[in-house]
Amino acid sequence: MVLLGAPGVGKGTLAEMIRAEYGVPHISTGDMLRELVKERAEAGRIASEYMNEGKLVPDDIVIGVLEDNMKDGEKGFILDGFPRTRKQAEALQSILDRKRLSLDAVINFEAPVEVLTEHLSGRRQCRDCRTIYHMKNMPPKKSGICDKCGGGLYQRDDDRREVVVVRLKVYREETAELIDYYQRKDLLKSVDASNDPEMTFKEVKGVINSQLNAQ
Ligand code: AMP
């Protein structure tokens, strides 16, 4: 399953909820790239330049990182933040063909821009286990400390206001066309993500359960 939607719409949070309920691995290319940056290799240095500016990391680096991290024999997964360009969507199709898998659904999360910016400005993430919080809507029990593992919470550099403006523009210009792309393949399911994650998750479960019943 692919999760589509603008930065800040809640893809990471929803992907974790799906993983917990259905036991399907959650694959986030953003998380993979942040790990790559920590390794201090050349590809990580290049990736960090794009990420710090809110731009898309070149397709060949992202596709390479995804392929390196995919486990053999994986039966299914939730992709969060990939694909983001037409070229990536085509690369995903080839990966799936090789693994003899097919996409069950592409969920397109929708929310007004004010909701996206509010989500991004209050977002905090655990440095260790990467659990996502929101200062107002989903605060940790102890300020600055992850409920799950006790790790420290931090604000991502690219959640700063000036970078968020670029990320939203990049989404409109480079990623939004995938909505049409998957609509034409009859895979797209749109879900309203402007309310709290629990309500959005109810709608997501409706989509997943109808897919499961159809199989
Ligand atoms: P995310 O955690 O999904 O918000 O991604 C954070 C940043 O990582 C993005 O703003 C991009 O710079 C980069 N990134 C993540 N996934 C991709 C992708 N599929 N293609 C290109 N860049 C990506």
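None of the values given here were measured: they were computed from a predicted structure. (Residues numbered from 1 in each chain as written. Predicted model: local features only at pLDDT ≥ 70, side-chain atom pairs only at ≥ 80, totals over all residues. Heavy atoms only, no water.)

Caption draft 1: Representation of the packing of aromatic side chains in the model. All chains considered together, the criterion is met by one aromatic pair. When the ring of Tyr181 is compared with that of Tyr182, the centres are 4.9 Å apart and the planes differ by 85°; the resulting orientation is edge-to-face. With a relative accessible area of 8%, Tyr181 lands in the buried category. Geometry around Tyr154 places Arg127 over its ring, the cationic atom sitting 4.4 Å from the centre. (Phe/Tyr/Trp six-rings, centres within 6.5 Å; stacked < 30°, edge-to-face > 60°. Buried < 20%, exposed > 50% of the residue type's maximum accessible area, 1.4 Å probe, protein only. Lys NZ or Arg CZ within 6 Å of the ring centre and 35° of its normal.)

Caption draft 2: Just the site of the ligand, in detail. Inspection of the region around the ligand gives 16 residues, with Thr29, Lys55, Gly81, Arg84 and Gln88 positioned closest. Measuring from an oxygen atom of the ligand, one finds a side-chain N or O atom of Arg34 at 3.0 Å. Here an oxygen atom of the ligand and a side-chain polar atom of Arg167 are 3.5 Å apart. A total of 480 Å² of accessible area belongs to the ligand in isolation, and the protein chains cover 96% of it. The element that contributes the greatest number of residues to the shell around the ligand is helix α2 (residues 29–38), accounting for four residues. When grouped by side-chain class, the residues that make up the shell around the ligand number six nonpolar, four polar and six charged. (Near = heavy atom within 4 Å. Polar contact = N/O pair within 3.5 Å; in protein donor to acceptor, adjacent residues only side chain to side chain. Areas by Shrake-Rupley, 256 points an atom, 1.4 Å probe, with all protein chains shown as cover. Helix = DSSP H or I, 4+ residues; strand = E, 2+ residues; numbered from the N terminus. Nonpolar A, V, L, I, M, F, W, Y, C, P; charged D, E, K, R; others polar.)

Caption draft 3: Main features of the side chain of His119. Here His119 shows up in helix α6 (residues 113–122). Relative accessible area serves as the criterion here: at 19%, His119 is assigned to the buried category. There is a polar contact of 2.6 Å between the side chain of His119 and the backbone oxygen of Gly8.

Caption draft 4: Focus on the nonpolar core. Counting residues in each nonpolar core, the largest one holds 30 residues, and the members touching the most others are Leu33, Leu66, Leu79, Leu92, Leu103, Val106 and Tyr182. For this core, the elements supplying multiple residues, two or more each, are β1 (2–4), α2, α3 (42–53), α4 (59–69), α5 (86–98) and α8 (177–184). Sequence-distant contacts of Leu79, that is, excluding residues within four places in its chain, are made with Met1, Val2, Leu3, Ile27, Leu66 and Leu92. Counting 23 residues, the second-largest nonpolar core is a separate cluster that includes Met1, Leu14, Ile107 and Leu116. (Core = buried A, V, L, I, M, F, W, Y, C linked by side-chain atoms within 4.5 Å. Contact = heavy atoms within 4.5 Å.)

Caption draft 5: Quick peek at the pattern of salt bridges. Overall, the coordinates contain 17 salt bridges when judged by the stated rule. Between Glu53 and Lys55 there is a salt bridge, and its shortest N-O distance comes to 2.9 Å. For Glu53, a relative accessible area of 43% corresponds to the partly exposed category. Looking at Lys55, the relative accessible area reads 42%, which means it is partly exposed. Measuring nitrogen to oxygen at the nearest pair gives 2.9 Å for the salt bridge that ties Glu162 to Arg160. Residue classification places Arg160 among the partly exposed residues on the basis of a relative accessible area of 36%. Members of the salt-bridge network, linked through shared partners, are Asp31, Arg34, Glu35, Lys38 and Arg130. (Salt bridge = Lys/Arg side-chain N within 4 Å of Asp/Glu carboxyl O.)

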